[in-house]
Amino acid sequence: MRQGLPGYSTYLPHNIEQLSEMVSAIAAAAHDAHGLTATEWRILAMLSAHGRVPQKDIAAGVGVEKVVAWRAITSLRKKRFVSRQFCEGDYRAYDLFLTEAGRHKFEDTVPVAREREAALIAGLTRDEVRRLCELLKKLAPAEAADDAEAFSSHLPADFEQASAA
């Protein structure tokens, strides 16, 4: 008997990939509406959360290849949403930070991002969202675990959706 992969409906990597594509499509609509790529938006979000970030850490921080991050940084600089300064004590490296325009642009995108997020988890209870985040932490690299914790912790105190019956 030939051993192969289980059916796609039960193959976890396939299901995660399908979910990822769906979430990416949802997010892309929000980013496109504001004239940003997904990578540009993620960089704005990272800088909004952390202030100054060494440019060399951006790619890993947003989970993209260095060349993809470089192109997004270049675009954000041309749009004047991001600026850079030499790192303190190392004039070979740069720190990136949001400009005032970049901060406003990011803040303008947050309500749409939150609406899309709420629609995504609408069928889940608070406990299910918390459990999902815990499970994602177990599957994801350590850096992503902090993001999952942040996702779970930002839910409103009164968040409690009816379970899908």
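A brief look at the structure comes next. What you are looking at is a predicted structure, and each value in this text was computed from that prediction instead of being measured.

## Concerning the overall build of the protein chain
And step 1. Helix and strand counts for the protein chain come out as seven helices and three strands.
And step 2. Its helices and strands taken in sequence order, the protein chain reads α-α-β-α-α-β-β-α-α-α from the N to the C terminus.
And step 3. When burial is assessed residue by residue, the protein chain has 27% of its 165 residues classed as buried.
And step 4. Restricting the contact set of the protein chain to residue pairs at least 6 apart, pairs at least 24 apart contribute 56%.
And step 5. Roughly 11200 Å² of accessible area belongs to the protein chain as shown, and the carbon and sulfur atoms make up 56% of that amount.

## Brief notes about helix 4 (residues 66-78)
And step 1. Between its first and last C-alpha, helix 4 extends 18 Å over 13 residues, near the 18 Å set by a 1.5 Å rise per residue.
And step 2. Taken together, the buried positions of helix 4 are occupied by Ala 69, Ala 72, Ile 73, Ser 75 and Leu 76. Within helix 4, the buried residues cover an arc of 160° as seen down the axis, which keeps them to one side. Projecting away from the buried face of helix 4 at angles above 90 degrees are the exposed residues Lys 66, Arg 71 and Lys 78.
And step 3. Those residues of helix 4 hidden inside the fold are in contact with helix 2 (38-50), helix 3 (58-62), strand 2 (82-87) and strand 3 (90-98).
And step 4. Just downstream of helix 4 lies Arg 80, where phi reads positive at about 65°.

## Quick notes on the environment of Ala 119
And step 1. Take Ala 119: it is sitting in helix 5 (residues 100-120).
And step 2. The exposure class of Ala 119 is exposed, given its relative accessible area of 57%.
And step 3. Expressed as a C-alpha distance, the spacing of Ala 119 and Ile 26, which sit 93 residues apart in the sequence, is 9.6 Å.

## Digging into the pattern of salt bridges
And step 1. Within this structure, the stated rule accounts for six salt bridges.
And step 2. The closest approach of N and O atoms between Arg 52 and Asp 95, which form a salt bridge, is 3.5 Å. Of this pair, Arg 52 sits in the loop between helix 2 and strand 1 (53-54) while Asp 95 is found in strand 3, placing the two residues 43 residues apart along the sequence.
And step 3. Taking relative accessible area as the criterion, Arg 52 reaches 40% and is therefore assigned partly exposed.
And step 4. Between Glu 117 and Arg 114 there is a salt bridge; the shortest N-O distance is 3.3 Å. Within this pair, Glu 117 and its partner Arg 114 are both found in helix 5, separated by three residues, close to a single helical turn.
And step 5. With a relative accessible area of 19%, Glu 117 lands in the buried category.

## Brief notes about the pairing of strand 2
And step 1. By the bridge criterion, six bridges tie strand 2 to strand 3 in an arrangement that is antiparallel. Bridge assignment links Phe 86 to a residue of strand 3, and that residue is Tyr 94.
And step 2. Count of turn residues in the strand 2/strand 3 antiparallel hairpin: two residues, of which Gly 89 carries a positive phi of about 85°.

## Things to note about the nonpolar core
And step 1. Grouped together as the largest cluster of nonpolar side chains are 21 residues, with contacts concentrated most on Ile 43, Leu 44, Leu 47, Ile 58, Leu 76 and Val 82.
And step 2. Among the secondary structure elements, those contributing two or more residues to this core are helix 2, helix 3, helix 4 and strand 3.
And step 3. Top element by residues in this core is helix 2. It accounts for six residues.
And step 4. Excluding its chain neighbours within four sequence positions, the residues that come into contact with Leu 76 are Leu 36, Glu 40, Ile 43, Leu 44, Phe 81 and Val 82.

Procedures and definitions
Residues numbered from 1 in each chain as written. Predicted model: local features only at pLDDT ≥ 70, side-chain atom pairs only at ≥ 80, totals over all residues. Heavy atoms only, no water. Helix = DSSP H or I, 4+ residues; strand = E, 2+ residues; numbered from the N terminus. Buried < 20%, exposed > 50% of the residue type's maximum accessible area, 1.4 Å probe, protein only. Contact = heavy atoms within 4.5 Å. Areas by Shrake-Rupley, 256 points an atom, 1.4 Å probe, with all protein chains shown as cover. Expected span 1.5 Å × (residues − 1). Arc of directions from axis to C-beta. Salt bridge = Lys/Arg side-chain N within 4 Å of Asp/Glu carboxyl O. Pairing = 2+ DSSP bridges. Core = buried A, V, L, I, M, F, W, Y, C linked by side-chain atoms within 4.5 Å.

Keep in mind these numbers describe shape, not what the thing actually does.
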